[in-house]
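# A closer look at the structure
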Amino acid sequence: MITVMKFGGTSVGSAEAIERVANIIINTKGEKVVVASAMSGITNFLVGIVENPPSDMDSIVEQFANKHLMAAEEMFDDNTMAEFRKDFDLRLKSFRKAIMSDPNDAYYQDLVTSQGERFSTLILSHYLRMLGHDSVALTAETAGIAAVGLPLSGSADLQATANGMTMKVRPLLSRGIIPIITGFYGIKDGAPLTFGRGGSDYSAAVVANAIDADMLEIWTDVDGFMTSDPRIIKDAIKIDEMTFGEAAELAYFGAKVLHPRTIEPVRIKHIPLKVRNSFRPEEPGTLIHNLRKKGNGLLKSVATKNDLAIITVSSAEIAYRPELVASIIGKIAENSIIIYSISTSLSTIAMLVSNSDVMSVIKKLNELGSDIERIDVKNNVSLVCCVGDDLLSKCGVTGDIFTAVKEAGVNVEMISEGASEVSLNFVVPMGMVMDVVAVLHSKYIGE
Ligand code: ADP
Ligand code: ASP
Ligand code: MG
């Protein structure tokens, strides 16, 4: 039995948290591979270095080092500290080199922001060793996690990663060694490429896929996948079981508990996934797998994605000009922009994109010249993703949902229904999204 266990930023955010995590690892039976995020706050600190380059790099290195050394000092005995310092000093040297490298390199931000994971994994691995458990800290480089894609939005090369890990990680497992691997990034052409913010969940799913794990456990700071974001809906409740499809839709449309791309690498190998709370390991968490357990409520969970914009492109009888529709989508794809929803009419095509992508989309569309008559933009909208059992086949569900939205006094700007079997998505003004989720949650959620 191989379990891949991923621990997020808050789970490794302090000496106390790391000690708790070590106990969870030790108490897990069978072979285990650990993937860890950076300590909480560290990746934001690194993004800050890139966005506002500080004049005093020495003080940055010192702040970064201190955060990790303080946790290590709290945890380690003298021998462990001495051993740890050897590895730490080497990694700190590379850290200094990384932040001082060419900021104009397209992958500079990936290089800098991926540094935090190299230190949290080192602390955890040395702590396990201090407790008498054989462990080794691996980076994506030394574990063989291969990436492809553009800066800040890499994808794993699953086959290359499987080949790499078969050589570099499997032999450790058969010798009873616990590998602790950096999350968040893979290696493209010898350099780090990150998987997007929150990407350690995806890293762990990729690792589970690569070594044919029997179980993936995502350990975080809430009891499991919940009926809504507990930071928005105070009485959100934990869901016991979900299907891969349900979890994937919710993660893609804003449920931050899982990185949007976590599901696919495990789904294709039928590896079940559990979301669990590292602060309350006695809780069973949420099981995500192939099976379907019907709930009682109309909806199972609601997620929201904010800071979106609707771009409406108008052109006479666009519906009869598939080549124009193809060029519009093709132009947008040239910048690898994600379109969250599309809806068409006789003479318009409306697309939902991030607010931050609007300028770049318009620039691209302008290249199509007079084929396009008009472009309208509505900024600051949110997408609401409702997931429930048989949403499409149950009669009247859509009516019930929109009646509730009407009760909240909110105007629906765009609807996407039928594209997925498990979800119904619609767009509302961003200022009203909390009201909509609150009404849907109170009326229709129940396990
Ligand atoms: P980690 O650092 O462990 O990766 P994240 O902060 O990325 O943790 O994700 C966990 C957080 O996701 C929770 O604290 C919670 O606020 C948020 N969240 C959003 N939607 C959901 C949901 N449907 N269920 C559980 N948590 C959610
Ligand atoms: N440390 C990275 C981030 O903060 C990756 C992760 O936490 O999953 O985005
Ligand atoms: Mg996360």
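Please read these numbers as outputs of a predicted model, since none were measured by experiment. (Residues numbered from 1 in each chain as written. Chains lettered and ligands numbered in written order. Predicted model: local features only at pLDDT ≥ 70, side-chain atom pairs only at ≥ 80, totals over all residues. Heavy atoms only, no water.)

### Quick look at the overall build of the chain
The secondary structure content of the chain amounts to 16 helices and 18 strands. The globule rule puts the C-alpha radius of gyration for 447 residues at 22 Å, and the 23 Å found for the chain is close to it. For the chain, the spread of C-alpha atoms along the three principal axes comes to 75 × 50 × 40 Å. Within the chain, buried positions represent 53% of all 447 residues. The contacts in the chain between residues at least 6 apart in sequence include a share of 76% that link residues at least 24 apart. Total accessible area on the chain stands at roughly 19100 Å², and carbon and sulfur atoms take up 51% of it. Considering the chain, the positive charge centre built from 42 side chains and the negative charge centre built from 55 side chains are found 2 Å apart. (Helix = DSSP H or I, 4+ residues; strand = E, 2+ residues; numbered from the N terminus. Rg over C-alpha atoms; globule rule 2.2 N^0.38 Å. Buried < 20%, exposed > 50% of the residue type's maximum accessible area, 1.4 Å probe, protein only. Contact = heavy atoms within 4.5 Å. Areas by Shrake-Rupley, 256 points an atom, 1.4 Å probe, with all protein chains shown as cover. Lys, Arg positive; Asp, Glu negative; His and termini not counted. Charge placed at Lys NZ, Arg CZ, Asp CG, Glu CD.)

### Regarding the packing of helix α8 (residues 158-168) against helix α10 (residues 200-210)
Helix packing geometry: the angle between the two helix axes and the distance between the axes. Their axes nearest at 8 Å, the elements α8 and α10 cross at an angle of 65°. Our classification of the angle between α8 and α10 gives roughly perpendicular. Viewed along their axes, α8 and α10 form a crossing whose handedness is right-handed. Residues Leu 158, Thr 161, Ala 162 and Met 165 of α8 form the contact with α10, whose participating residues are Val 206, Val 207, Asn 209 and Ala 210. In the contact of α8 with α10, the residues fall into six nonpolar, two polar and no charged. (Axes fitted to C-alpha atoms, helices over the stretch in contact; angles between N-to-C directions. Parallel < 35°, antiparallel > 145°, perpendicular 65-115°, else oblique. Left-handed = near helix turned anticlockwise from the far one by under 90°. Nonpolar A, V, L, I, M, F, W, Y, C, P; charged D, E, K, R; others polar.)

### Some details on helix α13 (residues 322-333)
Compared with the 16 Å implied by 1.5 Å per residue over twelve residues, the 16 Å span of α13 between its first and last C-alpha is a close match. Every buried residue belonging to α13 is among Leu 324, Ile 328, Lys 331 and Ile 332, and all of these are buried. Take α13 and look down its axis: the buried residues cluster within an arc of 100°, on one side only. Contacts made by the buried residues of α13 are with β13 (301-314), β15 (348-354) and α14 (358-366). (Expected span 1.5 Å × (residues − 1). Arc of directions from axis to C-beta.)

### Comments concerning the site of ligand 1
Residues in close proximity to ligand 1 total 16 residues, the closest being Thr 220, Asp 221, Met 226, Arg 231 and Lys 256. Within the side chain of Lys 6, one N or O atom sits 3.1 Å away from an oxygen atom of ligand 1. Note that an oxygen atom of ligand 1 is positioned 3.2 Å from one of the backbone N or O atoms of Gly 9. Within the complex, 90% of the 570 Å² of free accessible area of ligand 1 lies under protein. Looking at the shell around ligand 1 residue by residue, the class counts come to six nonpolar, five polar and five charged. (Near = heavy atom within 4 Å. Polar contact = N/O pair within 3.5 Å; in protein donor to acceptor, adjacent residues only side chain to side chain.)

### Details of the side chain of Thr 3
The topology assignment puts Thr 3 in strand β1 (residues 2-7). Those residues in contact with Thr 3, other than ones at most four positions away along the chain, are Thr 28, Lys 29, Glu 31, Lys 32, Val 33, Met 215 and Glu 217.

### What about the site of ligand 2?
Near ligand 2 you find Ser 37, Ala 38, Thr 43, Glu 117, Phe 184, Arg 197, Gly 198, Gly 199 and Ser 200, and these make up its full shell. In this structure, a nitrogen atom belonging to ligand 2 sits 2.7 Å away from a side-chain N or O atom of Glu 117. Gly 199 is positioned such that a nitrogen or oxygen atom in its backbone is 3.4 Å from an oxygen atom of ligand 2. Notes on ligand 2: free accessible area 260 Å², of which the protein chains cover 86%. Of the residues assigned to the shell around ligand 2, the class counts are two nonpolar, five polar and two charged.

### Observations regarding the layout of surface pockets
The computed volume of the second largest pocket comes to approximately 170 Å³. With five residues, the single largest contributor to the lining of the second largest pocket is helix α4 (residues 78-99). Of the residues in the lining of the second largest pocket, the class split is three nonpolar, three polar and three charged. (1 Å grid on protein atoms, 1.4 Å probe; cavity = no way out; pocket = protein on both sides within 12 Å on 5 of 7 lines; lining within 4 Å. Points joined across faces, edges and corners; volume = space filled by probe spheres on them.)

### Considerations on the environment of Val 34
When you line up the elements, Val 34 lands in strand β2 (residues 31-36). Along the chain, Val 34 and Val 207 lie 173 residues apart, while their C-alpha atoms are 9.3 Å from each other. Aside from chain neighbours lying at most four places away, what touches Val 34 is Met 5, Phe 7, Ile 25, Leu 124, Ile 178, Pro 179, Ile 180 and Ile 181.

### Quick look at the packing of aromatic side chains
The tally for this structure, following the rule as stated, stands at eleven aromatic pairs. Aromatic pair Phe 64 and Phe 95: ring centres 3.9 Å apart, planes at 10°, arrangement stacked. With Phe 64 in helix α3 (residues 57-75) and Phe 95 in helix α4, the pair connects residues that are 31 residues apart, well separated along the chain. A relative accessible area of 0% means that Phe 95 is categorised as buried. (Phe/Tyr/Trp six-rings, centres within 6.5 Å; stacked < 30°, edge-to-face > 60°.)

Read these as geometric descriptors, not functional statements.
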